[in-house]
Amino acid sequence: MRFSRKVVHVRLPGHKLASSGSSGTCSLNTALKENAGLTRADLENVPHKWRSCHGNSYPLYQRSDIARAVNQKKATDPEFAASLQKADDKRTVAAAKQSLKDAEAALEAVRAKTERGGYLPALGGARVAKTIAKRAYCLDDGDLRGLSVEYGRGMMGNSSENYLPAELQPVAEAKHGGAAGFLARRQKREKRANGKEVGEQEARIIRAKATLERLGEAVPGAAPAGTAAAAAAKPAAGTKRKATELDGEKVAALANWCSMESQSLNSLSVNELKAIIRAENEKNRGEGGPSISMALSGKKDMLVSRLLAYRG
């Protein structure tokens, strides 16, 4: 004979019982695992339902009720609150280190892609569409005049003009100052196309390193304060290096822009100032704070004045 277990809810004084439709549940073991220091005794009066798995019964809690019990214990037990904060900081540090590692790898990959982007892919001897010809060889409509062309239909049924790579290459080299000039032109275009992704990854690096510094963790690749390497990482007056050319120490230095004098901010490049603004806007977006305008972001003096006004 099988017996059914009666579900019992215990209501705390002044506590509204969570409805059965509330999302987010966890078992007793999960609640104890996720909240180090929480005990079974702390959950005795927390509303729950009984579930069964292969004949083994276990209590099932609403996560909102678990959170309420945790907050009540934190208010009366400083050691428990400290242990939870320590565990949370540990998770935050692990996430920041992983984010830093991923961002640095992604940044290295996009830089390598930018350098490789100067070399043409193997297009073979087959004709290529006009759009591909102009983009791949950095040409415009006027450069294509006089070249042999075949007319056809594109994927959408529209008419297309198709050109031979063997004829496009000499025209491109003549326009851009030889093979070396053509390669440099393609690398410049690729660098501009990948600039946004570079800025995003640099902003991730700044945020991750700022998090590690805030929690007192050693920042990978950062030179100890007061060393010659740390001094070399500081921005020198008049330096206008591209953000895509920065090393790890320089990116970390941008996280401390609030302590820079206006002269030091003016010594940064436009891309470095943009990286700072992106990082601040990303942080403010999570905290609901004001954002810094990126309008007319090509003008350094505008970016510097906005950062100074934002810093107050």
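A quick note: this is a predicted structure, and the numbers were derived from the prediction, not measured. (Residues numbered from 1 in each chain as written. Predicted model: local features only at pLDDT ≥ 70, side-chain atom pairs only at ≥ 80, totals over all residues. Heavy atoms only, no water.)

S.K.: Where do I start with the overall build of the chain in this structure?
M.R.: A tally of helices and strands in the chain yields 13 helices and six strands. For the chain, buried positions account for 32% of its 312 residues. Across the chain, every contact between residues at least 6 apart in sequence was considered, and the portion connecting residues at least 24 apart equals 65%. (Helix = DSSP H or I, 4+ residues; strand = E, 2+ residues; numbered from the N terminus. Buried < 20%, exposed > 50% of the residue type's maximum accessible area, 1.4 Å probe, protein only. Contact = heavy atoms within 4.5 Å.)

S.K.: How should the sheet that holds strand β4 (residues 128–129) be read in this particular structure?
M.R.: Sheet strands pair via backbone hydrogen bonds, and the direction of the pair is either parallel or antiparallel. Strand order in the open sheet formed by three strands is β4-β6-β5, with antiparallel pairing between adjacent strands. Edge strands, defined here as strands with exactly one partner in the open sheet, are β4 and β5 (150–153). Where β4 and strand β6 (residues 159–163) come together, two bridges link them in antiparallel fashion. If you follow Ala-129 over to β6, its bridge partner there is Asn-162. (Pairing = 2+ DSSP bridges.)

S.K.: What exactly am I supposed to notice about the environment of Leu-139 here?
M.R.: Tracing the sequence through the fold places Leu-139 in the loop between α4 (130–137) and α5 (141–144). Classification of Leu-139 as buried rests on a relative accessible area of 7%. Put simply, Leu-139 and Ala-172 are 33 residues apart on the chain and 6.7 Å apart in space, counted from C-alpha to C-alpha. Apart from residues no more than four positions distant in its own chain, Leu-139 is found in contact with Lys-134, Leu-144, Leu-168, Val-171, Ala-172 and Lys-175.

S.K.: Can you walk me through the pattern of salt bridges in this structure?
M.R.: Should their charged atoms come close, side chains of opposite charge can pair. Evaluation of the coordinates by the stated rule reveals 13 salt bridges. A salt bridge links Arg-111 to Glu-202; the shortest N-O distance between them is 3.8 Å. Here Glu-202 lies in helix α8 (residues 195–214) and Arg-111 lies in helix α3 (residues 78–116), a separation of 91 residues in the sequence. Taken individually, Arg-111 and Glu-202 each receive the classification buried, so the pair is uniform in this respect. (Salt bridge = Lys/Arg side-chain N within 4 Å of Asp/Glu carboxyl O.)

S.K.: I would appreciate a short explanation of helix α2 (residues 63–76) in the present structure.
M.R.: Note: α-helices contain 3.6 residues per turn, so residues at a spacing of three or four share the same orientation. With 14 residues, α2 extends 20 Å from end C-alpha to end C-alpha; this agrees with the ideal 20 Å at 1.5 Å per step. Along α2, the positions that sit buried rather than exposed are Asp-65, Ile-66, Ala-69, Val-70 and Lys-73. The buried residues of α2 all sit within an arc of 140° when viewed along its axis, so they share a single face. Of the surrounding elements, those touching the buried residues of α2 are β1 (25–27), α1 (28–34), β3 (56–62) and α3. (Expected span 1.5 Å × (residues − 1). Arc of directions from axis to C-beta.)

S.K.: I tried to follow the packing of aromatic side chains on my own but got confused; where do I start?
M.R.: The geometry of an aromatic ring pair is captured by two quantities: the separation of the ring centres and the angle between the planes. Within this structure, the stated rule accounts for one aromatic pair. Aromatic pair Tyr-137 and Phe-182: ring centres 6.1 Å apart, planes at 5°, arrangement stacked. Taken together, the positions of Tyr-137 in helix α4 and Phe-182 in helix α7 (residues 178–193) put the pair 45 residues apart, joining distant regions of the chain. Take Tyr-137 and Phe-182: they sit in the same class, and that class is buried. A cation over an aromatic ring shows up here: Lys-73 above the ring of Phe-80, its NZ or CZ 4.8 Å from the ring centre. (Phe/Tyr/Trp six-rings, centres within 6.5 Å; stacked < 30°, edge-to-face > 60°. Lys NZ or Arg CZ within 6 Å of the ring centre and 35° of its normal.)

S.K.: Explain the pairing of strand β2 (residues 49–53) to me, please; I cannot follow it from the model alone.
M.R.: In the case of a regular strand, side chains alternate between the two sheet surfaces. Where β2 and β3 come together, five bridges link them in antiparallel fashion. The residue bridging Arg-51 from the neighbouring strand is Tyr-58, located in β3. Adjacent in sequence and paired antiparallel, β2 and β3 are bridged by two residues, among which His-54 carries a positive phi angle near 55°.

S.K.: Just to check I follow, could you spell out the side chain of Asn-194 for this structure?
M.R.: Structurally, the position occupied by Asn-194 is in the loop between α7 and α8. On the basis of relative accessible area, Asn-194 is assigned to the buried category, the value being 7%. Ignoring anything within four residues of it in the chain, the contact list for Asn-194 reads Val-110, Lys-113 and Thr-114.

S.K.: Even after reading the chapter, I still don't get the sheet that holds β1, so can you show me in this structure?
M.R.: The sheet built from three strands is open, its strands ordered β1-β3-β2 with antiparallel pairing. Across the chains shown, the open sheet's two edge strands, defined by having one partner strand only, are β1 and β2. On average, each strand axis in the sheet is tilted by 40° relative to the strand beside it, whichever way the strands run. Lying on the sheet, α2 is in contact with β1 and β3; it crosses β3 at an angle near 75°. (Axes fitted to C-alpha atoms, helices over the stretch in contact; angles between N-to-C directions.)

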